Amino acid sequence: SQQGEEDPQALSIQEGENATMNCSYKTSINNLQWYRQNSGRGLVHLILIRSNEREKHSGRLRVTLDTSKKSSSLLITASRAADTASYFCATDALDSNYQLIWGAGTKLIIKP
Amino acid sequence: DSGVTQTPKHLITATGQRVTLRCSPRSGDLSVYWYQQSLDQGLQFLIQYYNGEERAKGNILERFSAQQFPDLHSELNLSSLELGDSALYFCASSDAGGPYNEQFFGPGTRLTVL
């Protein structure tokens, strides 16, 4: 069953603007991860946030986690054309039997 | 470059056939995960091996099987192929037995069943 669901499904913004993507999940988690996938390529890990953390930064990326709302957001600041990709969240639910549960992804397009 | 290699990159075959996809994890990683990604879809977890043993099973069809060898490389076998099996197949590796750390993904094998 789908644990993580990203919102929006697709997002198109101008280069230089900020992009925000959201992920909601259903059950309690140990951690939540964000990955990027360039078209047809393998996924690349961006950031991992643990259930006892509320915010994490990595370069132009900022991830927040609200366990009370079972949601996370990924903010990309000062977007660049190279940020064009699909972004996925993945959670390891406490009852996930060692699996990461993946959302369907947000397709981000940065217009030059 | 993630350090995970997958072969072949592309595979075109006919319905009813059998294929084998191969994955070599990053040096030192004991876990290998297999995923299926259909066109413009999210990832479907298939199966995980940890140090040669099956650790977790996802939505893997009975026509599919996998194994991890003593040198830690893994193979995913797909048999009695159907048109709907056309997809990207990724393997990923990690140093942990559970999904607690990041996974490193290979470039994928694109399977086309005609």
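Going by the structure above, here's the rest.
Note that residues are indexed from 1 along each chain, following the sequence as it is written. Labels follow written order: the first chain is A, the first ligand is 1, and so on. Where local features are concerned, this predicted model is filtered to residues with pLDDT of at least 70; where side-chain atom pairs are given and counted, the filter is 80 or more; whole-chain, interface and lining totals use all residues. Here the side-chain values reflect all heavy atoms present in the structure, with hydrogen atoms and water set aside.

Undergrad: Run through the overall build of chain A, naming residues and quoting values.
TA: Of regular secondary structure, chain A possesses 0 helices and 11 strands. By the criteria applied, helices consist of DSSP H or I runs no shorter than four residues and strands consist of E runs no shorter than two, each listed in order from the N terminus. Overall, chain A shows an N-to-C arrangement of helices and strands of β-β-β-β-β-β-β-β-β-β-β. For a compact globule of 112 residues, the expected C-alpha radius of gyration is about 13 Å, and chain A comes in at 13 Å, within 12% of that figure. Buried positions account for 46% of the 112 residues belonging to chain A. Here the contacts in chain A between residues at least 6 apart in sequence split such that 56% fall between residues at least 24 apart. Just so you know, the count uses Lys and Arg for positive and Asp and Glu for negative, and it drops His and the chain ends. Taken as the charge location is NZ of Lys, CZ of Arg, CG of Asp or CD of Glu. Where the 13 positive side-chain charges of chain A centre and where its 11 negative ones centre are 3 Å apart. Every radius of gyration here is taken over C-alpha atoms, with the globule rule written as 2.2 Å times N^0.38, N being the number of residues. Accessibility here uses a 1.4 Å probe with only protein chains present; expressed as a share of the type maximum, an area under 20% marks a residue as buried, one over 50% as exposed, and anything in between as partly exposed. Whether two residues touch is decided by their heavy atoms; if any such pair falls within 4.5 Å, the residues are in contact.

Undergrad: Which residues make up the nonpolar core, and what are the values?
TA: Take the buried residues of types Ala, Val, Leu, Ile, Met, Phe, Trp, Tyr and Cys, join any two whose side-chain atoms come within 4.5 Å, and each joined set is a nonpolar core. Grouped together as the largest cluster of nonpolar side chains are 22 residues, with contacts concentrated most on Val19, Leu21, Trp34, Leu76, Leu78, Tyr89 and Leu111 of chain B. Listed by contribution, the elements that provide at least two residues to this core are β3 (19-24), β4 (31-37), β5 (44-50), β7 (64-68), β8 (74-78), β9 (87-94) and β11 (109-113) of chain B. Ranked by size, the runner-up nonpolar core spans 21 residues in total, among them Ile29, Val63, Leu65 and Ile76 of chain A.

Undergrad: Describe the sheet that holds strand β6 (residues 55-58) of chain A, with residues and values.
TA: Residue and element names in this part refer to chain A. Two strands are said to pair when DSSP picks up at least two bridges between them. Read across the open sheet, the 5 strands follow the order β1-β3-β8-β7-β6; overall the sheet is antiparallel. At either end of the open sheet lies a strand with only one pairing partner, and these are β1 (5-7) and β6. Neighbouring strand axes in the sheet, compared pairwise and without regard to direction, differ in orientation by 20° on average. Where strand β3 (residues 19-24) lies against strand β8 (residues 71-76), 6 bridges are found, and the strand directions are antiparallel. Across the sheet, residue alanine 19 finds its bridge partner in β8, namely isoleucine 76. For helices, the fitted axis covers only the stretch in contact; all axes are lines through C-alpha atoms, and the angles between them, taken along N-to-C directions, range from 0 to 180 degrees.

Undergrad: How would you summarise the sheet that holds β8 of chain B if you had to cite specific residues and measurements?
TA: By definition, the strands of a sheet pair up through backbone hydrogen bonds, in either a parallel or an antiparallel sense. Residues and elements named next belong to chain B. Ordered by their spatial adjacency, 4 strands build an open sheet running β1-β3-β8-β7, and the pairing between neighbours is antiparallel. Looking along the sheet, the strands with just one partner apiece sit at the ends: β1 (5-7) and β7. Neighbouring strand axes in the sheet, compared pairwise and without regard to direction, differ in orientation by 15° on average. Sheet analysis places β7 next to β8, joined by 5 bridges and oriented antiparallel. Across the sheet, residue glutamine 68 finds its bridge partner in β8, namely serine 74.

Undergrad: So, the side chain of histidine 45 of chain A: which residues are in play, and what are the values?
TA: For histidine 45 of chain A, the position within the fold is in strand β5 (residues 43-50). Each residue touching histidine 45 of chain A, except ones within four places of it in the same chain, is listed here: Gln33, Trp34 and Tyr35 of chain A together with Glu102 and Gln103 of chain B.

Undergrad: Summarise the interface of chain B and chain A; cite the residues concerned and give the values.
TA: At the interface, 25 residues of chain B touch 21 residues of chain A. Defined here as a combined quantity, buried area equals the accessible surface (1.4 Å probe) lost by two parts on assembly, summed across both. For the pairing of chain B and chain A, the buried interface totals around 1,700 Å² over both sides, and the portion due to carbon and sulfur atoms is 53%. Any carboxyl oxygen of Asp or Glu within 4 Å of a side-chain nitrogen of Lys or Arg constitutes a salt bridge here. There are 0 salt bridges connecting chain B and chain A. Counted as a polar contact is a pair of N or O atoms within 3.5 Å, where, for protein atoms, one must be capable of donating a hydrogen and the other of accepting one, and residues adjacent in sequence contribute only when both atoms are in side chains. The interface formed by chain B and chain A holds 4 residue pairs in polar contact (both at pLDDT 80 or more) in total. Mapped by element, the contributors of at least two residues to the side of chain B that touches chain A are β4, β5, β6 (53-57) and β9 of chain B.

Undergrad: Break down the pairing of β5 of chain A for me, with residues and values.
TA: Residue and element names in this part refer to chain A. β5 sits mainly inside the fold: 6 of its 8 residues count as buried. With 7 bridges connecting them, strand β4 (residues 29-37) and β5 associate as antiparallel partners. Among the inter-strand pairings, glutamine 37 is bridged to a residue of β5, identified as leucine 43. Where β4 folds back onto β5 in an antiparallel hairpin, the turn is made up of 5 residues, including glycine 40, whose phi is positive at roughly 70°.

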